[in-house]
Amino acid sequence: MFLFYTQLQKRDVIDRHGRWIGWPHDFLINFDGTYPPVTGLIIRTGRLRRQYVVVPWSQIHMTTVHRQEAFQVRLPLESLVFTRHPPIPAEPTLRRNILDQQVVDTYNRKVVRVNDVHLLRVNSSFRIAHVDVGLRGMIRRLGWEKPVDWALHLVHPHARYLTRDGFIAWKYVQPLTINPVVGTIPLAVSQAELDKIPPADLSDILVELDPYQRVALFKSLDSEMQGEILGELEQRFQRELISELDIKTAVDVLERMPADEATDILQEVPRRDRERILGAMSVRKANKLSELLVHEEDSAGGLMTTELIRLQVTCTVGEAIERIKAMHGIAETLYYTYVVDDQQHLEGVASFRTLLVEPLDRPITEIMGERPIAVRVNDSAKAVAFILDKYNLFAVPVIDDQGILQGIVTVDDILSIAIDAAWGEKSGLM
């Protein structure tokens, strides 16, 4: 049997002798489990001079009074201690933490507002089954359900469906109840459920929240997901979130990110904090990021990543494929491999697709494209975009004045700049 929170509010609360006590004011909840159980009842009594009391759910029984069910309190009336103000229990409650609050709909990947709560009743126990985020939930809250249905029926027999329930199963709901001690949000949905949400969508969800909720939800995620989300956010949100992390967590997040994205974020961090973060990193990663930080942000050097696949001119196709396997998950892209000599001068480029169809013992120099298209470290982002577009490349190598390979710029980095510029122009016009 299913009931709505708004329906339960109208039920009477009586003692074990049938004497009226008051009405349900709120319900304590334990968020553990697929369907969180109700663990307590806050009772309100009086109309002008309201008073409140908390009763454990183990002391609550459902009974029938005047042909309508009521909440019966098994405790003696004289043992109930009422207060003038609603209590604030340590446990979350429906009224305080769910109703009228923003929650994350992990199925539809958006932030929604809860208008009503749908509870499953089994004997005298209640569990949260759904939240109602639809217009009908709001109409039900206001007590206008029957008048609105009557009015809509006059317009059209099926017009009621314009205000149908907007149910979301609780297993897809992430409440945004913040733990005041650690400033995080206990995850009611599993990490695996959040992993199903693309980082781009999860970053959109964070942007919709207020700053306090945004930081709390971000800090509740694991380091890998934090890194993926940071790479999708605008700079102002990156700066806001990374500044809220302690040095150890910030290092863990940045070391998991591609070097070019980590560099972009460090450029937004105050110099003192940036030096502390670099000092706590592994020497290899810190050196890599330090090399990138010296370049102008909107230059090829500032856009490039050093995480690419380098092959020596002396290697074979088979050795190249083994090198690619070893670099999986480390290199920014596996579309191209770059061939260098002993001094790291760029000698050629070979696509992964070409390597797959060649004999394993064939020298790489026989299949690589010589005199590859490249850009200089000081070239502008506009110049890099022109090269990528002209030659239909997914990535372009970046060299210095001596022809030494420094890194690569991928098409997605240039696309992000182009989109930001386009939005900036649009905003300026408006």
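Up top is the structure.
The present account deals with the structure reproduced in this document. (Residues numbered from 1 in each chain as written. Predicted model: local features only at pLDDT ≥ 70, side-chain atom pairs only at ≥ 80, totals over all residues. Heavy atoms only, no water.)

## Examining the overall build of the chain
This is how the line gets drawn: Helix and strand definitions here come from DSSP, where helices need a minimum of 4 consecutive H or I residues and strands a minimum of 2 consecutive E residues; each element is numbered from the N-terminal end. When we talk radius of gyration, it's over C-alpha atoms, and the globule rule is simply 2.2 Å times the number of residues to the 0.38. Per-residue accessibility, obtained with a 1.4 Å probe over protein chains only, is compared with the maximum for each type, and a residue is labelled buried under 20%, exposed over 50%, and partly exposed between these values. Every accessible area reported is derived by Shrake-Rupley at a probe size of 1.4 Å, with residue values counting cover from the shown protein chains alone. Under the convention used here, Asp and Glu are negative, Lys and Arg are positive, and both His and the chain ends fall outside the count. Every charge is mapped onto a representative atom, which is NZ of Lys, CZ of Arg, CG of Asp or CD of Glu.
What the chain contains, in helices and strands, is 18 helices and 20 strands. For 430 residues, the compact-globule estimate of 2.2 N^0.38 gives 22 Å, and the chain exceeds it by more than 25% at 30 Å. Relative to its 430 residues, the chain shows a buried fraction of 46%. For the chain, the exposed area adds up to about 23,200 Å²; of that, 52% sits on carbon and sulfur atoms. For the chain, the separation between the mean place of its 49 positive charges and that of its 59 negative charges on side chains is 14 Å.

## Remarks on the pairing of strand β11 (residues 125–132)
The line we're drawing: Here, strands pair whenever DSSP counts at least two bridges between them.
The pairing of strand β10 (residues 116–122) with β11 spans 7 bridges and is antiparallel. Opposite D116, over in β11, you have D132 as the bridge partner. Taken together, β10 and the strand that follows it, β11, pair antiparallel across an intervening segment of 2 residues, in which N123 is found at a positive phi of about 60°. Note: β11 against strand β12 (residues 167–169), 3 bridges, orientation antiparallel. The residue of β12 that forms the bridge with V131 is I168.

## Some points on the nonpolar core
It is characteristic of soluble globular proteins that their nonpolar side chains tend to be buried jointly. Here is the rule: Joining through side-chain atoms within 4.5 Å is the link that ties buried Ala, Val, Leu, Ile, Met, Phe, Trp, Tyr and Cys residues into a set, and such a set is a nonpolar core. Residue contacts are counted whenever heavy atoms from the two residues lie within 4.5 Å of one another.
In terms of nonpolar packing, the biggest core is built from 65 residues, with L230 and L254 touching the most fellow members. Look past the residues within four positions of L230 in its chain and what remains in contact with it is F218, Q238, L241, I242, V253, M257 and I265. Counting 33 residues, the second largest nonpolar core, distinct from the first, contains L3, I98, V112 and W170.

## Brief notes about the sheet that holds strand β9 (residues 110–113)
What holds strands together in a sheet is hydrogen bonding between their backbones, with the strands either parallel or antiparallel. For the record, the criterion: Every axis corresponds to a line fitted to the C-alpha atoms, with the helix fit spanning only the stretch in contact, and the corresponding angles, defined between N-to-C directions, vary from 0 to 180 degrees.
Read across the open sheet, the 3 strands follow the order β9-β8-β13; overall the sheet is antiparallel. Each edge of the open sheet carries a strand with a single partner, namely β9 and β13 (173–175). Ignoring which end each strand starts from, the neighbouring axes of this sheet average 35° apart.

## Concerning the layout of surface pockets
Heads up, the rule is: Put simply, the grid is 1 Å and covers the protein atoms alone, a cavity is a trapped set of points that fit a 1.4 Å probe, a pocket is an open set with protein on both sides within 12 Å along at least five of seven lines, and lining residues have an atom within 4 Å of a point. Grid points are joined across faces, edges and corners, and a volume is the space filled by probe spheres set on the points. Only Asp, Glu, Lys and Arg are considered charged, only Ala, Val, Leu, Ile, Met, Phe, Trp, Tyr, Cys and Pro nonpolar, and every remaining residue, Gly among them, polar.
Considered as a void within the structure, the second largest pocket measures approximately 320 Å³ in volume. Lining the second largest pocket are 18 residues, with F31, A90, P92, T177 and P186 sitting closest to its centre. Broken down by secondary-structure element, the contributors of at least two residues to the lining of the second largest pocket are α2 (94–97) and β13. Class assignment of the residues belonging to the lining of the second largest pocket gives a composition of 11 nonpolar, 4 polar and 3 charged.

## Section: the pairing of β9
Two strands pair when backbone bridges link them, and strand β8 (residues 102–105) and β9 are joined in this way by 4 bridges, in the antiparallel orientation. The residue of β9 that forms the bridge with V104 is V111. The loop that links β8 with its antiparallel partner β9 comprises 4 residues; one of these, R109, has a positive phi angle of about 60°.

## Things to note about the environment of K219
By secondary structure assignment, the location of K219 is in helix α7 (residues 211–220). Spatially, the C-alpha atoms of K219 and I242 are 9.8 Å apart, while their sequence positions differ by 23 residues. With residues near it in sequence (within four places) discarded, K219 still touches V182, G183, T184, Q226, E244 and L245.

## Overview of the packing of aromatic side chains
This is how the line gets drawn: Any Phe, Tyr or Trp ring, taking Trp's six-membered ring, that has another such ring centre within 6.5 Å forms a pair; planes under 30 degrees apart are called stacked, those over 60 apart edge-to-face, and the others tilted. As a reminder, the over-ring test applies to NZ of lysine and CZ of arginine, requiring each to be within 6 Å of the ring centre and within 35 degrees of the ring normal.
Throughout the structure, instances matching the rule amount to 10 aromatic pairs. Between W57 and F71 the ring centres are 5.9 Å apart and the planes differ by 70°, which places this aromatic pair in the edge-to-face class. Placement of W57 in the loop between β5 (51–56) and β6 (60–65) and of F71 in strand β7 (residues 68–73) is noted, with a sequence separation of 14 residues between them. Its relative accessible area of 0% is what places F71 among the buried residues. Seen in terms of ring centroids, W57 and F126 are 5.6 Å apart; in terms of plane orientation they differ by 90°. Their pairing is edge-to-face. One end of the pair, W57, is in the loop between β5 and β6; the other, F126, is in strand β11, and 69 residues separate them in sequence. Its relative accessible area of 2% is what places F126 among the buried residues. An aromatic cluster is built from Y5, F27, W57, F71 and F126, whose rings are joined through pairwise contacts. In this arrangement the basic side chain of R140 is found over the ring face of F4, its NZ or CZ atom lying 3.5 Å from the centre.

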